[in-house]
Structure formats: structure tokens, C-alpha cells
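Read off the chains here:
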Amino acid sequence: MREVASSAELRAATDAARDAGAGVGFVPTMGALHAGHRALLARARAENAFLVASVFVNPLQFGPSEDLASYPRDRDADLAVLRAEGTDLVFLPAEGEMWPVPPEVRLRVGGLAERLEGLVRPGHLDGVATVVAKLLHLAGPCRAYFGQKDAQQLAVVRRMVADLAFPNEIVACPTVREPDGLAVSSRNAYLSAAERRRATALHRALRAGLAAFAAGRRDPADVEAAARDLLEDAPGVEPDYVALVDPVTFEPVKQAEPGQVLATAARVGRTRLIDNVIL
Ligand code: AMP
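Cut-off values and rules
Each chain has its residues counted from 1, running along the sequence as written. Reporting of local features is limited, given that this is a predicted model, to residues whose pLDDT is at least 70; pairs of side-chain atoms are given and counted only at 80 or more, and all residues count toward the totals for whole chains, interfaces and linings. Based on all heavy atoms of the structure, the side-chain values leave hydrogens and waters out of the count. Numbering of helices and strands starts at the N terminus; helices are DSSP runs of H or I of at least 4 residues and strands are runs of E of at least 2. We compute the radius of gyration over the C-alpha atoms and compare it with the globule rule, which gives 2.2 Å times the number of residues raised to the power 0.38. Burial classes: relative accessible area under 20% of the type maximum marks a residue as buried, over 50% as exposed, and values in between as partly exposed (1.4 Å probe, protein chains only). Note on areas: Shrake-Rupley, 1.4 Å probe, and residue coverage restricted to the protein chains presented here. Counted as positive: Lys and Arg. Counted as negative: Asp and Glu, with His and the chain ends omitted from the count. Every charge is mapped onto a representative atom, which is NZ of Lys, CZ of Arg, CG of Asp or CD of Glu. What is meant by a nonpolar core is a set of buried Ala, Val, Leu, Ile, Met, Phe, Trp, Tyr and Cys residues, joined one to another through side-chain atoms within 4.5 Å. Note on contacts: a residue pair is in contact if any heavy atoms of the two residues lie within 4.5 Å. Here, axes are lines fitted to C-alpha atoms. For helices the fit covers the stretch in contact, and angles between N-to-C directions go from 0 to 180 degrees. Angles are sorted into four bins: roughly parallel if under 35 degrees, roughly antiparallel if over 145, roughly perpendicular if 65 to 115, and oblique for all others. Note that Gly is not counted as nonpolar here; it falls among the polar residues with everything else outside the nonpolar set of Ala, Val, Leu, Ile, Met, Phe, Trp, Tyr, Cys and Pro and the charged set of Asp, Glu, Lys and Arg.

The number of helices and strands found in the protein is ten helices and nine strands. On C-alpha atoms alone, the protein measures out to a radius of gyration of 19 Å, which is about the 19 Å that the 2.2 N^0.38 rule sets for 279 residues. Each principal axis of the C-alpha atoms in the protein carries an extent, and together these give about 55 × 40 × 40 Å. Taken over 279 residues, the protein has a buried fraction of 53%. On the protein, roughly 12,600 Å² of surface is accessible, and the fraction owed to carbon and sulfur atoms is 52%. Put simply, the protein has 32 plus and 36 minus side-chain charges, and the middle of one group is 1 Å from the middle of the other.

Structure follows, in C-alpha cells:
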């Protein structure tokens, strides 16, 4: 596995791979790699001759009161995971390499980024779109792999690639969960043992929503209520939202149908967790 820190090296290496006839697979991450990232890497490894990953904690997507400074960072552990998954090249830019000066030109996503996560984390998805745009430019034409766990982020990236004609194919990968259903996340490391047990309420709530749909409920309010009731009854869990939305626009739906996203965010202690399921 080759480690590079400069944009020029990433560009040159991916160009060389394409020139040699290799398809490029790209997995952008913020590090603290876990089983969710591993699933993306494994899928990308299987589908491409040349596998690139990036590790960059992007300041543009953190709000002023968010956990940028304390976000878990463990370079050696990340490199071990990347090696084990057969990564060919890892891009490890310093902040000054990605953003030598704060970018004057940034992407601003429309209503898609103003709902759900956008209401609670204004500017977050604009920051994600801006860094993913830059990373995709550096990686060049490739397949890029994103997790369904961050469903609204996935929708933003898909829309950016479509609206602005990026030469990339976006591949969505299913959410990897702990045995008790909790979606694997770097932020789970913040949870105390008691909070960790409480955090299972998110997935249990989403399953209650799925069960209501499976039982024939088609009024979105009924599906949402099934999930919200469980979340509100869970001790030490403060829901931000529970919403049944269109998977492309993230607008509220009029009637529950297969393929729609039931999404939730909740605070467990001081940790904010998100999760979703597809009807
Ligand atoms: P992050 O490092 O949190 O920015 O995540 C990098 C990528 O991994 C994103 O595309 C995430 O959606 C994806 N990801 C994070 N957690 C999971 C998970 N539990 N299952 C699948 N993909 C995930």
C-alpha cells in the first residue's frame, strides 16, 4: 500500500492506474475506520483493479460547536485496516494540503440539504459536498463508494454528480450494524456503557416503523409515530427528528411506499447519532 499526502501524487497515481487499464475504486473517509468502512473497502476492492481510500477530517463540515477537535483520530490503526482490506493507495492530506486557504468558492446544496440534518447542522452538507467534489476531482473518473448509513449525504453526493456531470459512478453500500442493531459509527466511541445500551433505541425505533409499514400502515404519520413513540419512551434518548422521506429529495412523502427512507437522529448523552432504514 502506498501512502501519499499530496494532491499531485493522488492525481498522478490514479491517472497511471487508468492509463494501465485499471478501473479505480475510491472510498473517502474521515478515518477512525470501523466495520462500516471495511464493508465499503471490501466492495470497492472486489469491483475495481485499483483501490484508493482517503482519510481526511474535513473542517468545512463541522459546525462551530461540533466535535472537530475531539473527532477520533488513529493513523496507525487506520493504516492497518486499509492494508488488511487490500488498499493500493491511501491519500492522507494535511489540512493545509486540502485547504491551503479557506476556499472562497464552495458548493451550496439546495433544499435537499436544508431538511432533516440541514435543520440541525446548517452548512454541514454543503461542507460535505465541497470536500467530496474536491476529492472526486483529485481521484478522477472512478467508482466512489458511500454508506447508506448517511442517507442524506449519499443523496447529496448523487445529486451533485448528476447535476454537475462529475465523471463518477456513486455506489451505495448497506449500513453495517452491531449484533444488537446499532449502526456502526466512529461516534459510538463517545458512548458510555449505559449510553451504548440506550443507543439501541434508534434501530429498535426504525424497526417499529418498518413493522407498522409491513402491517399495512400507509399514512406516513403512522409509520413515523410507531418509531417516534419507541424513541420517546427510551430513557436518556432525545430525538431530533423521525421522518419518512423521499430517498432522492428528502422531502416528506404523502403516502408510505417501498424505497422511501425512514430516518432518525437522536442525542444519547452528549453524542448525536443518526440512522435510517429503507421501507
Ligand atoms: P465517515 O468516515 O464517517 O465520513 O464515513 C465514510 C463513509 O463510510 C461514508 O460513506 C459513510 O456513509 C460510510 N459509513 C459510515 N458508517 C457506516 C456503516 N455503519 N455502514 C456502512 N457505511 C458506513
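This is not the end of the story, as more comes after the structure.
Another point: the nonpolar core. Ranked by internal contacts, the top residues of the largest apolar core, which has 49 residues, are M98, V132, L136 and M160. For this core, the element with the highest residue contribution is helix α6 (residues 124–139), accounting for ten residues. With near-sequence residues (within four places) excluded, M98 lies in contact with F56, F91, P93, V131, K134, L135 and L138.

On to unusual backbone geometry, then. Of note in this structure, A32 is not a glycine but carries a positive phi near 50 degrees. Its location among the elements puts A32 in the loop between β2 (24–29) and α2 (35–47). Non-glycine residue L116 carries a positive phi angle of around 35 degrees. With respect to the secondary-structure elements, L116 resides in the loop between α4 (95–98) and α5 (117–120).

With that settled, the discussion passes to the packing of helix α1 (residues 7–19) against α6. Close contact between α1 and α6 brings their axes to 7 Å; oriented N to C, the two are set at 50 degrees. In terms of their interaxial angle, α1 and α6 are classed as oblique. For the pair α1 and α6, contact is made by S7, L10, R11, T14 and R18 and by H137, L138 and A139, respectively. When the residues that make up the contact of α1 with α6 are grouped by side-chain class, the tally is three nonpolar, three polar and two charged.

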